[in-house]
Amino acid sequence: MAEHEHVRVAVVGSGFGGLGAAVRLRREGITDFVVLERAGSVGGTWRDNSYPGCACDVPSHLYSFSFAPNPDWPRTFSGQRHIRAYLEHVADTFGLRPHLRFDAEVKRMTWDAERLRWRIETGRGKLTADVVVSATGPLSDPKIPDIPGLDTFPGKVFHSARWDHDYDLAGKRVAMIGTGASAIQIVPSIQPVVGRLTLFQRTPAWVMPRVDRAIGPAERALHRAVPLTARLRRGLLWGIRELQVQAFTKHPEELGLVERLARRNMARAIKDPALRAKLTPDYRIGCKRILLSNDYYPALARPNVDVVGGLAEVRGSTLVAADGSEAEVDAIVFGTGFHVTDMPIAERVVGADGRTLAETWKDGMQALRGASAAGFPNWMTIIGPNTGLGNSSMILMIESQLNYMADYLRQLDVLGGRAALDARPEAVRAWNDRVQERMKRTVWNTGGCTSWYLDAAGRNTTVWPGTTSEFRRATRRVDLMEYRVLRPPAGASSEAGAVAEADTAKTGVTA
């Protein structure tokens, strides 16, 4: 990377969001961009999460780009290996390799108010960009809780997203910490080979059957020969989930039937009443993400598995649970999630007033239409605040945000000359107030659980309280009334001078 390279757009991250942004930029005729990736290959969370049993809980034909359908998904719910291969295929098919900068972790991004551009420091050098699209994703930085005595543990410790494939679990005494989406895939995958498995459970999860099957050669051939069939399949999967949204967002009481089905699913595999009581949640189904598995409960019923309370303390090789039980273990696997509401990238982004994004968001993440934060001109995020989903595919939300990104860049072109857009604080507040008002009725706020959807203050700053089609309508176009237009002041060169708000007579934007 050149010391003073300048690009029109710098994309950060090469998962679904980053690669999607790169494809959209090329489709918009923009080739002056780079994709900054801290690792040595594309894939994002599907590169980092390679633990045993890793797979997606969204159907394959819905968990892929609409502009890059894959007729050859091998299963209705595909595994990590196939999803990562799909992303590599996208990078090749759309000619993204020349734009990729690997081993280029972003250390700092600072808004240059004199030149209306971002100064970016990476592990491979420095560059500047007119616009930054941050696609680091909320599931990129593993979170390990601060457990008293953890530093005294003499055995192996790793997070599910940083799986140590060189460490052989065969015959070992293993502690699995957490009962989220990763843990319910890891537990049945390692249970047959470990000597003893102790599951430290702080909160039990609702688990539904996983209706998974292999997609046969004839079915795949049909999708290749008649692409319409794959589109119809995707549309059906999307439509079913759109119809489910009201139960999550407006009528959580309607989820009672689903809860009864989940109880029956548990009862079929867990015959021990005491264990069944431990595994039965005390909150409304849907408050936390509903998990899908056919082998999690059967694995927990095996004689070499113990289910205890959450991990409270570590005393050497002895792990102490919140219920007082103890377990001697050789290895600890943390399936404890990620820094979602306190993303580390926010500490590295310095805005127009000299504050970091983390400081701006200390009272809760807020972004206009999930994309733009006030005080951070020409900076956009993919999968930003309140864009997550509880029952459908995030690829749908990503594509909506790519529509917004594309129009954002078009608006800059229409404005002409050197210009930047900075979300108005009042517009950000108005958007966030509407989202939070709608959030009050949702199962995520009323279901009686504590989840990673909530920040430290108990606010839900991660999930979208509506349908994906509603979000697509909300992000179809950029409304310049929601932004301040920034330009160099009269008489200043395009490369220097202080930034002033555009003359409304010239831009047509009212104050």
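Per-chain numbering applies: the sequence of each chain, read as written, is numbered from 1 onward. Owing to the predicted nature of the model, reporting of local features is limited to residues with pLDDT of at least 70; listing and counting of side-chain atom pairs is limited to 80 or more, with chain, interface and lining totals taken over all residues. To obtain the side-chain values, all non-hydrogen atoms of the structure were included, while hydrogens and water were left out.

Draft legend 1. Here's a closer look at the pattern of salt bridges. Just to be clear on terms, a salt bridge is a Lys or Arg side-chain nitrogen sitting within 4 Å of an Asp or Glu carboxyl oxygen. One pass over the full model with this rule turns up 38 salt bridges. When the shortest N-O distance is used, the salt bridge between Asp-413 and Arg-8 registers 2.7 Å. Of this pair, Asp-413 sits in helix 11 (residues 394-415) while Arg-8 sits in strand 1 (residues 5-12); the two residues are 405 residues apart in sequence, bridging distant segments of the chain. The shortest N-O distance in the salt bridge between Arg-224 and Asp-72 comes to 2.3 Å. Of this pair, Arg-224 sits in helix 5 (residues 217-225) while Asp-72 sits in the loop between helix 2 (45-48) and helix 3 (80-93), and the two are 152 residues apart along the sequence. Here the salt bridges do not stand alone but share partners, grouping Arg-24, Glu-28, Asp-407 and Arg-410 into one network. A run of H or I in DSSP becomes a helix once it reaches four residues, and a run of E becomes a strand once it reaches two; helices and strands are each numbered from the N terminus.

Draft legend 2. Molecular detail of the sheet that holds strand 7 (residues 156-159). Taken together, five strands build an open sheet; the order of strands is 7-16-8-9-12 and the sheet is parallel. The sheet is open, and its two edges are formed by strand 7 and strand 12 (305-308), each paired on a single side. For this sheet, the mean angle separating the axes of adjacent strands, direction not counted, is 15°. DSSP-based pairing: two strands are paired if at least 2 bridges between them are found. As paired elements, strand 7 and strand 16 (residues 331-334) share four bridges and run parallel to each other. Structural elements are reduced to axes, namely lines fitted to C-alpha atoms, with helices fitted over the stretch in contact, and the angle between N-to-C directions of any two is expressed from 0 to 180 degrees.

Draft legend 3. Quick look at the environment of Cys-54. Following the sequence through the fold, Cys-54 ends up in the loop between helix 2 and helix 3. According to the relative accessible area criterion, Cys-54 is buried, its value standing at 8%. Sequence separation of Cys-54 and Leu-421 is 367 residues, and the distance between their C-alpha atoms is 40 Å. Using a 1.4 Å probe on the protein chains alone, a residue whose accessible area is under 20% of its type maximum counts as buried, one over 50% counts as exposed, and one in between counts as partly exposed.

Draft legend 4. Looking closely at empty space enclosed by the protein. Only protein atoms enter the 1 Å grid used here. Points where a 1.4 Å probe fits but cannot escape make up a cavity, open sets with protein on both sides within 12 Å along at least five of seven lines make up a pocket, and a residue lines them when an atom lies within 4 Å of a point. Grid points are joined across faces, edges and corners, and a volume is the space filled by probe spheres set on the points. Overall, the coordinates contain three cavities of 30 Å³ or more when judged by the stated rule. Around the largest cavity sit 13 residues that line it, and Ser-134, Thr-136, Met-343, Ile-345 and Thr-381 are the ones nearest its centre.

Draft legend 5. Main features of the state of the cysteines. Only a pair of cysteine sulfur atoms within 2.5 Å counts as a disulfide in this structure description. According to the stated counting rule, one finds one disulfide in the structure shown. Each sulfur of the disulfide joining Cys-287 and Cys-449 lies 2.0 Å from the other. One quick way to see it: the torsion about the S-S bond of Cys-287 and Cys-449 is about -90°, and its sign makes the bridge left-handed. Remark: Cys-449 occurs in the loop between helix 13 (443-446) and helix 14 (468-474) and Cys-287 occurs in the loop between helix 8 (273-279) and strand 11 (291-292); sequence separation between them is 162 residues. With no disulfide partner, Cys-54 has as its closest neighbouring cysteine sulfur the one in Cys-56, 8.8 Å distant. According to the relative accessible area criterion, Cys-56 is buried, its value standing at 4%.

Draft legend 6. Quick look at the layout of surface pockets. The space that makes up the second largest pocket amounts to roughly 850 Å³. Around the second largest pocket, the lining comprises 28 residues; the ones closest to its centre are Phe-77, Arg-241, Gln-244, Leu-292 and Asn-391. Broken down by secondary-structure element, the contributors of at least two residues to the lining of the second largest pocket are helix 6 (227-249) and helix 7 (256-269). In this classification, Asp, Glu, Lys and Arg are treated as charged, Ala, Val, Leu, Ile, Met, Phe, Trp, Tyr, Cys and Pro as nonpolar, and every other residue, Gly included, as polar. The class makeup of the residues in the lining of the second largest pocket is 17 nonpolar, five polar and six charged.

Draft legend 7. Representation of the sheet that holds strand 13 (residues 311-315). The strand order across the open sheet formed by three strands is 13-14-15, and the pairing between neighbours is antiparallel. Two strands close off the open sheet at either side, each with one partner strand: strand 13 and strand 15 (326-328). Going across the sheet, the axis of each strand differs from the next one's by a mean of 25°, ignoring polarity. Here strand 14 (residues 318-321) runs beside strand 15; their pairing, made up of three bridges, is antiparallel. Counterpart to Leu-319 in the pairing with strand 15 is Ala-327.

Draft legend 8. View of unusual backbone geometry. With a phi close to 55°, Leu-116 is a non-glycine residue in the positive phi region. Looking at the secondary structure, you find Leu-116 in the loop between strand 4 (106-112) and strand 5 (117-122). For Leu-116, a relative accessible area of 2% corresponds to the buried category. We note that Asn-378 has phi near 50°; this positive angle belongs to a residue other than glycine.

Draft legend 9. Spotlight on a nonpolar patch on the surface. Nonpolar side chains collect at one region of the surface, where Leu-222, Val-226, Leu-228 and Leu-232 lie side by side and expose about 350 Å² of accessible area between them. Structurally, Leu-232 can be placed in helix 6. Owing to a relative accessible area of 56%, Leu-232 belongs among the exposed residues under this scheme. The residues that make up patches have over 30% relative accessible area and no salt bridge, and they are joined within 9 Å when like-charged or within 5 Å when they are Val, Leu, Ile, Met, Phe, Trp or Tyr. Surface accessibility follows the Shrake-Rupley procedure with a 1.4 Å probe radius. Residue values consider only the protein chains on display as shielding.

Draft legend 10. Quick look at helix 4 (residues 183-190). In terms of burial, helix 4 is largely enclosed, as seven of its eight residues are buried. Taken together, the buried positions of helix 4 are occupied by Ala-183, Ile-184, Gln-185, Ile-186, Val-187, Pro-188 and Ile-190. Note on definitions: a residue-residue contact is assigned when non-hydrogen atoms from the two residues lie within 4.5 Å. Turning to helix 4, the residues buried within the fold contact strand 8 (173-177), strand 9 (196-200), strand 11 and helix 9 (296-300).

Draft legend 11. Up close: the nonpolar core. Buried Ala, Val, Leu, Ile, Met, Phe, Trp, Tyr and Cys residues form a nonpolar core when they are joined through side-chain atoms within 4.5 Å. Core analysis: the largest hydrophobic core is formed by 110 residues, its most contacted members being Phe-16 and Leu-300. Ranked by residues supplied to this core, first place goes to helix 11 with 12 residues. Setting aside chain neighbours within four positions, we find Leu-300 in contact with Val-187, Leu-199, Ile-270, Leu-275, Leu-279, Val-305 and Val-307. Core analysis: the second largest hydrophobic core is formed by 28 residues, Trp-111, Ile-345, Trp-379 and Leu-486 among them.

Draft legend 12. Layout of the packing of helix 5 against helix 6. Direction vectors running N to C along helix 5 and helix 6 enclose 105°, while the axes themselves pass 4 Å from each other. Classified by the angle their axes make, helix 5 and helix 6 are roughly perpendicular. Contacts between helix 5 and helix 6 involve Glu-219, Leu-222, His-223, Arg-224 and Ala-225 from the first element and Pro-227, Thr-229, Ala-230 and Arg-233 from the second. Class assignment for the residues of the contact of helix 5 with helix 6 results in four nonpolar, two polar and three charged. By definition in this entry, angles of less than 35 degrees are roughly parallel, angles greater than 145 are roughly antiparallel, angles of 65 to 115 are roughly perpendicular, and the rest are oblique.

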